[in-house]
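# Coordinate analysis (summary)
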Amino acid sequence: MDLILCAGLTAAESIVVNKLPGQETRPVSAKVALAFFLAQYLAVKYYRIFLYHKYFSPLRHLPGPTDNHFLFGQALNFLRAETPTTLYVKWMREHPDAPFIRYLTWGNTEVLVPVNLNAHREVLQMQCYSLQKPVWFLRIVKEVAGHGLILMEGEEHRAHRKMLGGSFSLKNIRKLEPIFQEKARDLCGYFNQCIRENDNKTGVVDCTTIFSKTILDIMGSAILGVNLSYVKPGDEKDEKLVESNDLNKGCSFHEAYDVFFSPKGIAKVLLFANGFLPTRWLPLQANREFLFAMDWLNDVLRGLIRDRYREVSTATAAKRYESKDSRDLITFVVEESMPGGIAEGIGENEFLGHLLEFMAAGHDTSANMLSWSLYVMALDQDMQDKLRAELNTISSNPTYNELDRLPYLENFSKEVLRVYSPSTTYHRAAGMDIIVEGVQIPKDTLVDLCPSVTLLNPAIWGDNVDEMDPDRWEHLTGDQLSPYAFSPFSNGPRICIGRAFAMFEIKTILAEIIRNYRFVSVDQGFTVENPGFTLRPHGLMVRLEKLSK
């Protein structure tokens, strides 16, 4: 924008100067015009980077950190932080009652962080569609997420959310019980293998890796309608998937998503730098691996869509197609895209975008929540025993209704989500001038929504806010009762469409593994991916033992 502005000013100035008396024979040369342009461009940049945020911004009086780098604001502090949410929580506790905190990032760009519940309610509910995904964020995530529900805005988002709602309805989710139970048993088989390969008494599991594979197995069946079998290495992969989409060419969903969610070294630099400057053209091995993985994802999922359309269309034309009682997401959308269906007219690119987003976001957040659950139980045996005692009161293959009636499992799950929210930040930018809690927010202002700002706020949850206390959910009072105090799945019109799906699969897996294993200890130190899009533990190794029946 600044380049266009300065170029326009230079052109206008050159025209004016050329029309001055005596200038007809001495028009402005290219060198002089370039000098005008550079002088103005540098002046504008100096104003934006060094003067605006200090002396002219309407947001300059908001509270926020003061230990800023002269050029990069808090950006370097974010990179040095223990987790992606550490600084947000620190600033919130310094200013717990403020509507917003303002911090500076690259080039001293201003970013607002909602703090109190009223600000969260207005941003998430009232101003939901006035705040859109910022350009830098789209540049990063569109490579893995395409153009689906999460990245859609306004009326397009409303229409597609309505279109997909049936697939994630409670009625449809309950039909997935056999899938969730089967994959939970597969996970137990893997745990048994780890114990046998160790000393036949205890085993050690890498939580992030095995839970990512488990959730991908569930997503494969429930979203794609194929059997990935990442947790059961002895099983044959789904032949239909292999033959039609070339899954035998050196990649898998787990490997492809690991490239995005857990890049190493230069790969991480390239991933996040690409939001500000194009980096994918650089002839580096990390770029080649990333582009191969993303191309693989797109090709496989696009192939599945086309195959399913072909199957349904051929069977329908022959009058021998029967809709299954429980449909995976691809089949659901294909069927509903037929004339008269709620998805009629959906484009292939939008369809692909939905699959890319659900597979990416859906598997990583659930896997992280399960990883943190094992971490908590390994550190607190009493909590683990209480869960196990409650779970032993229900059937061996618990239904949705049985799990839904277990209060301590419900409270434990909520408390893990509160203390270790898998979603770290929702990035937005004001699409127009807006006013929130009396704060005038200019168009294009960046806004970071961090769930942990309310989830870990002592003013809401009390002095023991950092402690795992499932029993707190039995006696909520005051602000704790607000839906905006507990928003690990976001809130408002953009609340996660798959939250009921995620909670059911998580509870089913926890029920199966808690009744069969004791989580003894955390075997080594670990870190949290930072920068990162989720609260993803890296190197979290938990030791477990098989329980005797």
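Our structure's up above, just so we're on the same page.
Below or above, wherever it landed, is the structure these notes cover.

How each quantity is defined
- Residues numbered from 1 in each chain as written.
- Predicted model: local features only at pLDDT ≥ 70, side-chain atom pairs only at ≥ 80, totals over all residues.
- Heavy atoms only, no water.
- Helix = DSSP H or I, 4+ residues; strand = E, 2+ residues; numbered from the N terminus.
- Rg over C-alpha atoms; globule rule 2.2 N^0.38 Å.
- Buried < 20%, exposed > 50% of the residue type's maximum accessible area, 1.4 Å probe, protein only.
- Contact = heavy atoms within 4.5 Å.
- Areas by Shrake-Rupley, 256 points an atom, 1.4 Å probe, with all protein chains shown as cover.
- Lys, Arg positive; Asp, Glu negative; His and termini not counted.
- Charge placed at Lys NZ, Arg CZ, Asp CG, Glu CD.
- Salt bridge = Lys/Arg side-chain N within 4 Å of Asp/Glu carboxyl O.
- Core = buried A, V, L, I, M, F, W, Y, C linked by side-chain atoms within 4.5 Å.
- Pairing = 2+ DSSP bridges.

Right, let's get into the overall build of the chain. Along the chain, the regular secondary structure elements total 22 helices and twelve strands. Here the C-alpha atoms of the chain give a radius of gyration of 26 Å, agreeing with the 24 Å that 2.2 N^0.38 yields for 549 residues. Over its C-alpha atoms, taken along the principal directions, the chain stretches across nearly 100 × 65 × 45 Å. Within the span of the chain, comprising 549 residues, buried residues form 54% of the whole. At a minimum sequence separation of 6, the contacts of the chain that also span at least 24 residues come to 72%. With an accessible surface of roughly 24,700 Å², the chain has 56% of that area assigned to carbon and sulfur atoms. In the chain, 59 side chains carry a positive charge and 67 a negative one; their mean positions are 3 Å apart.

Any two side chains of opposite charge can pair, so long as their charged atoms come close to each other. Per the stated rule, a full pass over the model turns up 24 salt bridges. Of the charged contacts, one joins Glu 182 and Lys 183 as a salt bridge, the two residues approaching to 4.0 Å between their closest N and O atoms. Residue class for Lys 183 comes out buried when judged on its relative accessible area of 2%. Measuring nitrogen to oxygen at the nearest pair gives 2.8 Å for the salt bridge that ties Glu 415 to Arg 472. With a gap of 57 residues between them, Glu 415 in helix 19 (residues 407-419) and Arg 472 in the loop between helix 21 (458-461) and helix 22 (499-516) connect regions that are remote in the sequence. One continuous salt-bridge network, built from bridges that share partners, spans Lys 133, Glu 153 and Arg 494.

The next thing to look at is the nonpolar core. Ranked by size, the top nonpolar core spans 154 residues in total, and within it Phe 211, Leu 224, Phe 253, Ile 513 and Phe 519 carry the most contacts. Looking at this core element by element, the count peaks at 16 residues for helix 16 (residues 348-379). With near-sequence residues (within four places) excluded, Phe 211 lies in contact with Leu 187, Ala 367, Leu 370, Ser 371, Leu 374, Ile 509 and Ile 513.

Attention now goes to helix 7 (residues 154-164). Restricting attention to buried positions, one finds in helix 7 the residues Gly 154, His 157, His 160, Met 163 and Leu 164. On its buried face, helix 7 sits against helix 15 (329-336) and helix 16.

We now examine the pairing of strand 5 (residues 426-430). Burial of strand 5 is extensive: five of the five residues sit out of reach of the surface. On strand 5, burial covers both faces: Tyr 426, Arg 428 and Ala 430 on one face and His 427 and Ala 429 on the other are all buried. Pairing of strand 5 with strand 8 (residues 446-449) involves four bridges; the strand directions are antiparallel. When the bridges of strand 8 are listed, Arg 428 appears paired with Val 447.

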